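# Remarks on the overall topology
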Amino acid sequence: ESYELKWAGQDDAAAYHRHLKEERRKSFAARNEHHSEQMRIVAELNAIAREEEHESLMLKWAAQDDGAAYRRQLAAERRLSLQGRGEH
């Protein structure tokens, strides 16, 4: 009977260890899934930030081009005005 109790205890301990391993495996799987989701979200946010930065730069460059074109237009108008003054 003593051996039977010992074997039953060993079986219970083995079953408990199997249960702990399964719980640990599930925990790792859940953490891995959560980490993957976080990485996906971070990647998506980074992509949005890059798109916004690109758009901001495009607007900045367009404004610089518009400013340069306006300055060229003013210079041309000034030249015409000065030429008109010289003809009188």
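All figures in this text were calculated on a predicted structure; none of them were measured in a lab. (Residues numbered from 1 in each chain as written. Predicted model: local features only at pLDDT ≥ 70, side-chain atom pairs only at ≥ 80, totals over all residues. Heavy atoms only, no water.)

### Structural notes on the overall build of the protein
Operational definition: Labels follow the DSSP assignment, with helices taken as runs of H or I lasting at least four residues and strands as runs of E lasting at least two, numbered in each case from the N terminus. Partly exposed residues are those whose accessible area sits between 20% and 50% of the maximum for their type, while under 20% is buried and over 50% is exposed, using a 1.4 Å probe and protein chains only. What sets the accessible areas is the Shrake-Rupley method with a 1.4 Å probe; for residues, cover comes only from the shown protein chains. None of His or the chain ends enter the tally, which takes Lys and Arg as positive and Asp and Glu as negative. Where a charge lies is defined by one atom per residue type: Lys uses NZ, Arg uses CZ, Asp uses CG and Glu uses CD.
For the protein, the count of helices and strands is 1 helix and 0 strands. Each of the three principal axes of the protein carries a C-alpha extent, and together these read 130 × 10 × 5 Å. Within the span of the protein, comprising 88 residues, buried residues form 0% of the whole. As displayed, the protein offers around 8400 Å² of accessible surface, 56% of which is attributable to carbon and sulfur atoms. Between the centroid of the 15 positive side chains of the protein and the centroid of its 17 negative side chains there is a distance of 8 Å.

### Here's the deal with the environment of L20
Structurally, L20 can be placed in helix α1 (residues 2-87). Its relative accessible area of 37% is what places L20 among the partly exposed residues.

### A look at the pattern of salt bridges
Note that side chains of opposite charge can pair when their charged atoms are close. Just so we agree on the cut-off: Think of a salt bridge as a Lys or Arg side-chain nitrogen and an Asp or Glu carboxyl oxygen that are within 4 Å of each other.
One pass over the full model with this rule turns up 3 salt bridges. A salt bridge links R40 to E37; its shortest N-O distance comes to 2.7 Å. Here R40 and its partner E37 are both found in helix α1, 3 residues apart, which amounts to about one turn of the helix. E44 serves as the salt-bridge partner of R40, at 3.0 Å between the closest nitrogen and oxygen. Here the residue R40 and the residue E44 both occupy positions in helix α1, the gap between them amounting to 4 residues, near one helical turn. Relative accessible area serves as the criterion here: at 42%, E44 is assigned to the partly exposed category.

### Concerning a nonpolar patch on the surface
Note the cut-off: Patch construction takes residues with relative accessible area above 30% that form no salt bridge. Like charges are linked within 9 Å, and nonpolar side chains (Val, Leu, Ile, Met, Phe, Trp, Tyr) are linked within 5 Å.
On the surface, I41, L45 and I48 cluster together to form a nonpolar patch covering roughly 250 Å² of accessible area. Positionally, I48 belongs in helix α1. The partly exposed category is assigned to I48, whose relative accessible area is 37%.

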